[in-house]
Amino acid sequence: MSRASTPLPAAWGYALAVAAAGGAFGVRLALNSWFPPGFPYLTFFPAIVLTAYFAGRGPGILCAALSGLCAWYFFIPPYDSFHVDFATTVAITFYVFVAAVDIFFIDGMRKAMRHLSREREAQAQLARSRDLLYREMHHRVSNNLQMVGALLRLQSSGMKDEDARHALVEAGGRIETIAKIQRQLHDQTGEPTPFRAFAEALLDDAGQAFGARHAIRVEGGEDPLHPEQATPVTLVMLECFNNALEHAFEAGSDGRIVVALEQEGDSHVLTIRDNGAGPPAGFEPAASPSLGLRIVHAMARQLGGAFTMARVDGWTVCRLSYAPAV
């Protein structure tokens with residue numbers, strides 16, 4: 001809140017009015033020989049303006065009254081008297097009009113500034129409450145998803161059918177992955193996390209869970225993802241990453257996986273490359289019965305984009321292109 005919108009205590013305000021009028025009188029008296037006739041109020045108007053600005057309407061009126069009396073008595077002929085004639089009346093009327101206009105507009109400006117300051121504080125408080133509510137809701141959604149995933153895994157332990165148990169374990173794992181994505185999309189202050197930061201954390205967790213020793217690198221992605229696109233894009237990244245860990249490398253072998261998020265023209269392009277064995281000859285990702293690839297294609301359709309997988313110079317390149325959300 002600015003000083004102009006915070007009035008001084010009443011006693012200090014009126015003391016400032018007296019001091020300002022006295023200072024203006026002293027300056028006018030010291031410069032009297034420099035001023036030609038007809039400028040009795042020249043140094044008093046700044047004093048009135050400053051007093052009204054810093055102390056308010058009442059002290060401004062007091063400063064104007066004291067200044068007017070000083071100018072009338074000492075600087076309007078005949079000097080050293082409160083003589084009244086037509087010329088004096090015109091001069092005093094002009095002074096009163098200008099001083100009143102100055103005080104009126106300055107007081108209105110101070111009220112507007114105080115109102116604006118209160119509005120800004122109310123808006124800031126509303127924004128803080130909204131952010132707190134959003135973070136709390138975000139946290140609860142993530143926790144609930146985590147709980148659903150854990151329940152599915154727990155349910156799978158009682159299944160005798162191996163295929164059913166495997167399906168429940170995979171479903172629980174993917175739900176827990178979505179919960180982890182939701183939790184890491186924002187930092188502790190509620191600000192969106194850059195893609196590169198939470199991608200590195202998610203890939204590191206996934207690699208450790210798989211027991212992989214491969215070199216993993218993330219390129220680009222310095223900006224946060226759009227909230228509506230963050231989950232599908234990240235799911236595509238993790239499905240392709242897990243697919244590479246599971247199928248591209250022999251057990252115990254070392255390899256390299258590179259994840260990059262870049263912009264090409266009007267599209268965002270996510271690529272996941274690995275230097276593993278690659279898919280078999282004639283492999284068609286769109287026709288594959290793999291649940292992971294079906295999820296990838298579903299996410300690509302949700303984004304309104306396209307997904308391809310190809311072998312390029314000894315690397316298997318999974319490529320997702322999509323238009324950024326507006």
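Residues numbered from 1 in each chain as written. Predicted model: local features only at pLDDT ≥ 70, side-chain atom pairs only at ≥ 80, totals over all residues. Heavy atoms only, no water.

S.K.: Would you explain the pairing of strand S2 (residues 256-264) in this entry?
M.R.: Working note: regular strand, side chains alternate between the two faces of the sheet. Across six bridges, strand S1 (residues 215-220) lies against S2 in parallel orientation. Each residue of the ladder has a partner; that of Val218, found in S2, is Val259. Bridging between S2 and strand S3 (residues 267-274) involves eight bridges; their strand directions are antiparallel. Considered in S3, the bridge of Glu264 is made with Ser267. Here S2 folds back onto S3 in antiparallel fashion, the turn holding two residues, of which Gly265 has a positive phi close to 65°. (Pairing = 2+ DSSP bridges. Helix = DSSP H or I, 4+ residues; strand = E, 2+ residues; numbered from the N terminus.)

S.K.: Could you clarify how one ought to interpret the layout of surface pockets in this entry?
M.R.: A water-sized probe, rolled over the atoms, reveals where empty space remains. The computed volume of the largest pocket comes to approximately 930 Å³. What lines the largest pocket is a set of 29 residues, and nearest its centre among them are Gly173, Arg174, Thr177, Glu239 and Asn242. Taken together, the elements giving at least two residues each to the lining of the largest pocket come down to helix H4 (86-156), helix H5 (162-184), helix H6 (195-210), helix H7 (227-248) and helix H8 (291-303). Class assignment of the residues belonging to the lining of the largest pocket gives a composition of twelve nonpolar, nine polar and eight charged. Estimated volume of the second largest pocket: approximately 250 Å³. Surrounding the second largest pocket, 17 residues form its lining, Asn243, His247, Gly278, Pro279 and Met309 being those nearest its centre. Sorting the residues of the lining of the second largest pocket by element identifies H7, S3 and strand S5 (315-322) as the ones contributing at least two each. (1 Å grid on protein atoms, 1.4 Å probe; cavity = no way out; pocket = protein on both sides within 12 Å on 5 of 7 lines; lining within 4 Å. Points joined across faces, edges and corners; volume = space filled by probe spheres on them. Nonpolar A, V, L, I, M, F, W, Y, C, P; charged D, E, K, R; others polar.)

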